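Observations on chain architecture
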Amino acid sequence: MVRDDLYITVPSFFRCPISLDVMKSPVSLCTGVTYDRSSIQRWLDNGNNTCPATMQVLHTKEFVPNRTLQRLIQIWSESLRNSPDSPDPADSLLSKDQVLAAFAHLQSRPLDRLESLAKILSFARDSEENRKYLARIEAFLPALVGFLLNVDDDFQFLEQVVMALNLILDKIQDREALKTLMLKNQSSNSSSCLDSLLLVLQRGSTDSKISSATVLQSLAVDTESKLLIGEKKGLISQVLRLTAPDKDPAVIENALSCLVAISTAKRNKLMLVHLGAVKAFSKLLTESSVSASVAEKVLKLLETVSSTKEGRTEICEDSTCVAAILSKVLKVSSAATEHAVTTLWSVCYLFRDQKAQEAVTKANGLTKILLLMQSNCSPPVRQMSADLLKIFRVNSKSCLSCYDTKTTHIMPF
């Protein structure tokens, strides 16, 4: 039983309009007004055929349990029992009661939903604890997904839904449940969450694009989910477009993170190659302003596509790409160096591509490899460097032998 005294403020929408007590079993009439079940049942049993709050004549006396409101009341009651003397943080923009009210209005007042969701976003951005609180509201995530599945003309509201979802993602423990909830309609002809995420990637603001890319990354928890994302027409190509050098740096980085997450599925790797990802990544690496984090992700993606025949062909045909990969060895991070060396090892040593070998030689790759061997690199990198060194030493001897042979024919004795 929740106390209602001078020290506890009960949200008004938790009270039954008839008894004015906190509702134990909220039910809604056909008029949309919610009452406590015992109070409205008593009203109807007394022969009344109107809604007590609006006095509208009821065309049906049936009522529907308001599960969302019941759950909100339960959460509020538990929070009081667990910490009766603990107020909300002093620096919070909104109280938890106000947020619960905003959430109830979000679902019951369509005309005010943009304002209600804006309040919830403000609350979520205020602190990590607030985001945890929202994630614990059982009905909150399904409500956001429901909005994604029912897209209308209110694009600004859609952007806010995606941003709200992004804010609570890392507080959701059951990622498998999240994947099921958001991707369950992907195989059908009906509207899916991916449709909405793609729309935001195409038309959204910088913040909403970042949120959409982050949500996609979080959904890619296994091969099945990665393939479902890849099957959404236009989605991977749109994420790839967001990695262009002229885009906002934060958008580029988050788009790359998304591609790293979904590209491990072979079908998605091939799609990236066919969409011209190798040239796009090569261009990014040659940008003078590229950050270490971006370079690391680009090199990871090049390593990923180099595991396919098509990807290796694209890399080997582009001498600029090979040189760009080599230029990042020892200059970014140990992870970046490992990605770069793995890619070079794949095309030059494992598959012995002549064009790639020539590009590395032309870019003074032998010197880089020798320096790498002398550095404090990881054992796998050291072994791959040793393998590459063998290749280029053999090539160097072959070239020298060829040169000596030609010289012998033209030198007079």
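Numbers given for residues are sequential positions, taken from 1 along each chain in its written order. With pLDDT at 70 or above as the cut-off, local features in this predicted model cover only qualifying residues; side-chain atom pairs require 80 or more to be listed or tallied, and sums for whole chains, interfaces and linings still use all residues. Hydrogens and water are ignored here; the side-chain numbers use all heavy atoms of the structure.

As for the overall build of the chain
- Helix and strand definitions follow DSSP, with helices as H or I runs of at least four residues and strands as E runs of at least two, each counted in order from the N terminus. Scanning the chain from terminus to terminus reveals 22 helices and 3 strands.
- Categorising residues by exposure relies on relative accessible area from a 1.4 Å probe, with only protein chains included: less than 20% of the type maximum marks a residue as buried, more than 50% marks it as exposed, and the intermediate range marks it as partly exposed. With 413 residues in all, the chain has 46% of them scored as buried.
- Here, two residues are considered to be in contact whenever any of their heavy atoms come within 4.5 Å of each other. Counting only contacts in the chain whose residues sit at least 6 apart along the sequence, the fraction spanning at least 24 positions is 64%.
- All accessibility values rest on the Shrake-Rupley procedure with a 1.4 Å probe; residue burial counts only the protein chains present in the view. Counting every atom, the chain has about 21,100 Å² of accessible surface; 51% of that belongs to carbon and sulfur.

Brief notes about the confidence of the model for the chain
- Confidence in the prediction of the chain, expressed as mean pLDDT, is 84, and 88% of residues score 70 or more.
- Per-element averaging of pLDDT across the chain places helix 22 (residues 379-410) at the bottom with 64 and helix 12 (residues 235-241) at the top with 97.
- A score from 0 to 100, pLDDT tells how confident the predictor is in each residue. Counting contacts from residues 1-7, a segment whose pLDDT is below 50, to residues more than four positions away or on other chains yields 7 contacts.
- Per-residue pLDDT stays below 50 along residues 398-413; that stretch engages in 1 contact with residues further than four places along the chain or on separate chains.

Some remarks on the packing of aromatic side chains
- We call Phe, Tyr and Trp rings a pair once their centres come within 6.5 Å, taking the six-membered ring for Trp, and we label the pair stacked below 30 degrees between planes, edge-to-face above 60, and tilted otherwise. Under the criterion given, the structure shown has 4 aromatic pairs.
- Measuring from ring centre to ring centre gives 5.5 Å for F103 and F140, while their planes differ by 75°; the resulting arrangement is edge-to-face. Linking F103 in helix 3 (residues 96-108) with F140 in helix 6 (residues 140-149), this pair joins segments that are 37 residues apart in sequence.
- Think of it as a cone above the ring: NZ of Lys or CZ of Arg counts as a charge over the ring if it is within 6 Å of the ring centre and within 35 degrees of the ring normal. Cation over ring: R312 sits above F351, and NZ or CZ is 3.4 Å from the ring centre.
- If you follow R352 out to its NZ or CZ, it ends over the ring of Y349, 4.7 Å from the centre.

With respect to helix 18 (residues 319-327)
- Taken together, the buried positions of helix 18 are C321, V322, A324, I325 and L326.
- If you follow the buried residues of helix 18, they end up packed against helix 15 (277-285), helix 16 (292-305), helix 17 (309-317), helix 19 (334-350), helix 20 (354-362) and helix 21 (365-374).
- For helix 18, the capping residue at the N-terminal end is D318, with a side-chain oxygen 3.1 Å from the backbone nitrogen of T320. N or O atoms within 3.5 Å of each other form a polar contact, as long as, within protein, one can give a hydrogen and the other can take it, and as long as residues adjacent in sequence are counted only when both atoms are side-chain atoms.

Thoughts on empty space enclosed by the protein
- Here the term cavity refers to a set of points on a 1 Å grid, laid over the protein atoms alone, in which a 1.4 Å probe fits but cannot get out; the term pocket refers to an open set having protein on both sides within 12 Å along at least five of seven lines, with lining residues being those that place an atom within 4 Å of a point. Grid points are joined across faces, edges and corners, and a volume is the space filled by probe spheres set on the points. Following the criterion strictly, the structure yields 2 cavities of 30 Å³ or more and no others.
- By volume, the largest cavity amounts to about 80 Å³.
- In terms of lining, the largest cavity is formed by L326, V329, V341, L344, C348, V360, K368, I369, L372, S385, L388 and F392.
- Elements represented by at least two residues in the lining of the largest cavity include exactly helix 19, helix 21 and helix 22.

Points about the side chain of D36
- Tracing the chain through its elements places D36 in strand 2 (residues 34-36).
- Despite its burial, D36 remains without a salt bridge, the nearest opposite charge being carried by K24 at 6.5 Å.
- A polar contact of 2.9 Å, which involves the side chain of D36, links it to the backbone nitrogen of S25.
- Apart from residues no more than four positions distant in its own chain, D36 is found in contact with C16, M23, K24, S25 and P26. Within this scheme the basic residues Lys and Arg register as positive and the acidic residues Asp and Glu register as negative, but His and the chain ends are omitted. The salt bridge definition used is simple: a Lys or Arg side-chain nitrogen within 4 Å of an Asp or Glu carboxyl oxygen.

Brief notes about the nonpolar core
- Residues belong to one nonpolar core when they are buried, are Ala, Val, Leu, Ile, Met, Phe, Trp, Tyr or Cys, and are joined through side-chain atoms within 4.5 Å. Membership of the largest hydrophobic core comes to 126 residues, with the highest contact counts inside it found for M182 and L302.
- Looking at which element gives the most residues to this core, the answer is helix 7 (residues 155-168), with 10 residues.

Digging into the pattern of salt bridges
- In this structure the tally under the stated criterion is 12 salt bridges.
- Taking the shortest distance from any N to any O, the salt bridge between K179 and E224 comes out at 3.0 Å. In this pair, K179 sits in helix 8 (residues 175-183) while E224 sits in helix 11 (residues 223-231), placing the two residues 45 residues apart along the sequence.
- The network of salt bridges with common partners includes E176, K179, D222 and E224.

Re the side chain of S346
- In this fold, S346 is placed in helix 19.
- By relative accessible area, S346 is classed as buried at 7%.
- For S346, the side chain forms a polar contact with the main-chain oxygen of S306, separated by 3.5 Å.
- Residues contacting S346, with those up to four places away along its chain left out, are S306, R312 and F351.

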